[in-house]
Amino acid sequence: PKSLMLRTHCQTSGWSLTEQDPYNNVVRTTIEAMAAVFGGTQSLHTNALDEAIALPTEFSARIARNTQLIIQEETHITNVIDPWAGSYMMEKLTQDMADAAWKIIEEVEAMGGMTAAVDSGWAKLKIEAAAAEKQARIDSGKEVIVGVNKYKLAKEDPVDILEVDNVKVRENQIARLNAIKAKRDQAQVQQALDALTSAAESGQGNLLDLSIQAIRARATVGEVSDALEKIFGRHRADTQKVTGVYAAAYDSAEGWEKLKGEIDQAAEQLGRRPRVMIAKLGQDGHDRGAKVVATAFADLGFDVDMGPLFQTPEECARQAIENDVHAVGVSTLAAGHKTLVPAIIEELKKQGADDIIVFVGGVVPAQDYDFLYGAGVKGVYGPGTPIPASAKDVLEQIKKAQAQ
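Residues numbered from 1 in each chain as written. Predicted model: local features only at pLDDT ≥ 70, side-chain atom pairs only at ≥ 80, totals over all residues. Heavy atoms only, no water.

Draft legend 1. A look at the pairing of strand β4 (residues 303–306). Relative to β4, strand β3 (residues 275–279) runs parallel, the two being bridged by four bridges. By the bridge assignment, Val-276 is partnered in β4 with Val-304. Note on the crossover from β3 through helix α12 (residues 288–300) to β4: the handedness is right-handed. (Pairing = 2+ DSSP bridges. Helix = DSSP H or I, 4+ residues; strand = E, 2+ residues; numbered from the N terminus. Right-handed = clockwise from strand over helix to strand, strands pointing away.)

Draft legend 2. Region of the structure containing the pattern of salt bridges. Counted by the stated rule, this structure contains 23 salt bridges. With a closest N to O distance of 2.9 Å, Lys-92 and Asp-96 form a salt bridge. Highlighted residues: Lys-92 and Asp-96, both in helix α3 (residues 88–111), separated by four residues, approximately one helical turn. What makes Lys-92 partly exposed here is its relative accessible area of 37%. For Glu-163, the salt bridge identified is with Lys-338, shortest N-O distance 2.8 Å. Of this pair, Glu-163 sits in the loop between α5 (122–139) and α6 (166–183) while Lys-338 sits in helix α14 (residues 337–350), and the two are 175 residues apart along the sequence. (Salt bridge = Lys/Arg side-chain N within 4 Å of Asp/Glu carboxyl O. Buried < 20%, exposed > 50% of the residue type's maximum accessible area, 1.4 Å probe, protein only.)

Draft legend 3. Highlighting the nonpolar core. Counting 30 residues, the largest nonpolar core has Val-276, Ile-278, Phe-297, Phe-302, Phe-359 and Val-394 as the members making the most contacts within it. If you list the elements that add at least two residues to this core, you get α5, α10 (245–249), α11 (253–270), β3, α12, β4, β6 (357–362) and α16 (387–403). Membership of the second largest hydrophobic core comes to 22 residues, among which are Ala-279, Val-328, Val-364 and Val-380. (Core = buried A, V, L, I, M, F, W, Y, C linked by side-chain atoms within 4.5 Å.)

Draft legend 4. Here's a closer look at the packing of aromatic side chains. Counted according to the given criterion, the structure contains seven aromatic pairs. Taking 5.1 Å as the distance between ring centres and 35° as the angle between the ring planes, the aromatic pair formed by Tyr-250 and Trp-256 counts as tilted. The burial state of Tyr-250 is the same as that of Trp-256; both residues are buried. Three or more aromatic residues link up through ring pairs in this structure, and these residues are Phe-297, Phe-302, Phe-359 and Tyr-381. Over the face of the ring belonging to Phe-371 we find Lys-338, whose NZ or CZ atom lies 5.2 Å from the ring centre. (Phe/Tyr/Trp six-rings, centres within 6.5 Å; stacked < 30°, edge-to-face > 60°. Lys NZ or Arg CZ within 6 Å of the ring centre and 35° of its normal.)

Draft legend 5. Layout of unusual backbone geometry. Notably, Arg-218 is not glycine yet its phi reads approximately 80°, a positive angle. Position of Arg-218 among the secondary structure elements: in the loop between α8 (207–216) and α9 (221–232). Judged by relative accessible area, which is 44%, Arg-218 ranks as partly exposed. Positive phi is not limited to glycine here, since Asp-324 has a value of about 55°. Along the chain, Asp-324 turns up in the loop between α13 (313–322) and β5 (327–332).

Draft legend 6. A look at the sheet that holds β6. The parallel open sheet is built from five strands, whose spatial order is β4-β3-β5-β6-β7. The two strands at the open ends of the sheet, each matched to only one other strand, are β4 and β7 (379–381). Adjacent strand axes in the sheet meet at a mean angle of 20° when their direction is disregarded. Pairing between β3 and β5: four bridges, direction parallel. The residue bridging Val-276 from the neighbouring strand is Ala-327, located in β5. Lying over the sheet, α14 contacts β5 and β6, oriented at roughly 160° with respect to β6. Against the sheet, α16 makes contact with β3, β5, β6 and β7, and its axis sits at roughly 165° relative to β6, the strand it touches most. (Axes fitted to C-alpha atoms, helices over the stretch in contact; angles between N-to-C directions. Contact = heavy atoms within 4.5 Å.)

Draft legend 7. Just the packing of α12 against α16, in detail. In the contact formed by α12 and α16, the axes pass within 10 Å of each other and the chain directions differ by 65°. Both α12 and α16 take part in a crossing whose hand is right-handed. Across the interface between the two elements, Val-292, Val-293, Ala-296, Phe-297 and Leu-300 of α12 pack against Ile-387, Ser-390, Ala-391 and Val-394 of α16. Of the residues in the contact of α12 with α16, the class split is eight nonpolar, one polar and no charged. (Left-handed = near helix turned anticlockwise from the far one by under 90°. Nonpolar A, V, L, I, M, F, W, Y, C, P; charged D, E, K, R; others polar.)

Draft legend 8. Up close: helix α1 (residues 24–38). Between its first and last C-alpha, α1 extends 22 Å over 15 residues, near the 21 Å set by a 1.5 Å rise per residue. Those residues of α1 that fall on the buried side of the exposure criterion are Asn-24, Asn-25, Arg-28, Thr-29, Ala-33, Ala-36 and Val-37. Packed against the buried residues of α1 are β1 (9–11), β2 (43–45) and α2 (58–73). Two residues or fewer past α1, Gly-40 is found with a positive phi of approximately 95°. (Expected span 1.5 Å × (residues − 1).)

Draft legend 9. Examining the side chain of Asp-21 more closely. Inspection of the secondary structure assignment puts Asp-21 in the loop between β1 and α1. Comment: no salt bridge for buried Asp-21; closest opposite-charge side chain is Arg-28, at 7.3 Å. The contacts of Asp-21, once residues within four sequence positions are left out, are Leu-153 and Glu-156. (Lys, Arg positive; Asp, Glu negative; His and termini not counted.)

Draft legend 10. Seen up close, the environment of Leu-17. Turning to its location among the elements, Leu-17 is positioned in the loop between β1 and α1. Measuring from C-alpha to C-alpha, the distance between Leu-17 and Leu-309 comes to 23 Å, with 292 residues separating the pair along the chain. Setting aside its immediate chain neighbours within four residues, Leu-17 contacts Asn-25, Thr-29, Asn-47, Ala-48, Glu-51 and Ala-52.

Draft legend 11. Examining the packing of helix α7 (residues 186–202) against α9 more closely. Between α7 and α9, the least distance of the axes is 8 Å, while the angle of their chain directions is 30°. With respect to α9, the axis of α7 lies roughly parallel. Along this stretch, α7 crosses α9, giving a crossing that reads as right-handed. Between α7, through Val-189, Leu-193, Leu-196, Thr-197, Ala-200 and Glu-201, and α9, the contact on the second element is made entirely by Glu-223, Val-224, Ala-227, Leu-228, Lys-230, Ile-231 and Phe-232. Looking at the contact of α7 with α9, its residues break down into nine nonpolar, one polar and three charged. (Parallel < 35°, antiparallel > 145°, perpendicular 65-115°, else oblique.)

In structure tokens, the structure reads:
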């Protein structure tokens, strides 16, 4: 019976965090956390104030943890089952949301259920369209983000960040894996993995139970995945992108049309449209921001390719060369930029394509910009950069590289 209970976990928004004036993020997270509690969540995660800049420090993580404790222990809103009951505004909003949700549920049912909707790419495109529309409203100033497109600070004070030594982390992980493999009973591990493959092939047995048994025998996540991949193959994320959504929502027609005209002129000079590839490297599985950038660039007139998730620098360079792109844009959120970005630049050189420029966007601390420029990056666009501004800069960098 317990497994049938509906339990809800909420996490405050990572998207709404800003690199600019980051202490505002404490306020944003508090409001979002209270909204989740008012909505009846049973489990809650609060983001740290510096997560739009880097991985959280111990200092910022403590504030995030204490935000929950203050709501729980000091406000007493957790003592009331439904604090907003009877509020006309809240009841109306709830009803509107339920009605809109029901329309989507009916649409999904007509497709053959959620599995079919996910398989077709419909669900992901819906999310990406909403994200692109929202970003366009922010970039055009139609929607206010305090400290980003309104009430900006004249001078930003630096924030202490968590510095991650990617090379050291990788070496430590490899050493730990080697130590585990040296101590475990290899025959027992192989037996557990073979049982997993057999169950996948026959359709008989509980794959979750068999996976747990393999892990308890000290098989690695990769080995368990490989055992299942033999039968099921490997999932390749769909790289469809929405079109027209960003352009339709961008409320600054004059600047938009001017930039589109510049891209058209560049296409005549280059003999073809400027072509960019948006890439996700390493184990960073967050691609919504990358899809928003790809959508906006395409709406402006770039030819845009999307690389799959979890690419290696070698795979990314090969795809960029095969697709004959002018530029590769690396979207990074997982603090791997100081290792992966120099690696892609080196790989492009190795494969004879050092005329392809590399630019970087996402969660990159300002302290790391000089390192990336020193490695050969032509543009770095941190959180809050309006996409048209980054697109214009990328265009200029492409024209400069092609002129040399």
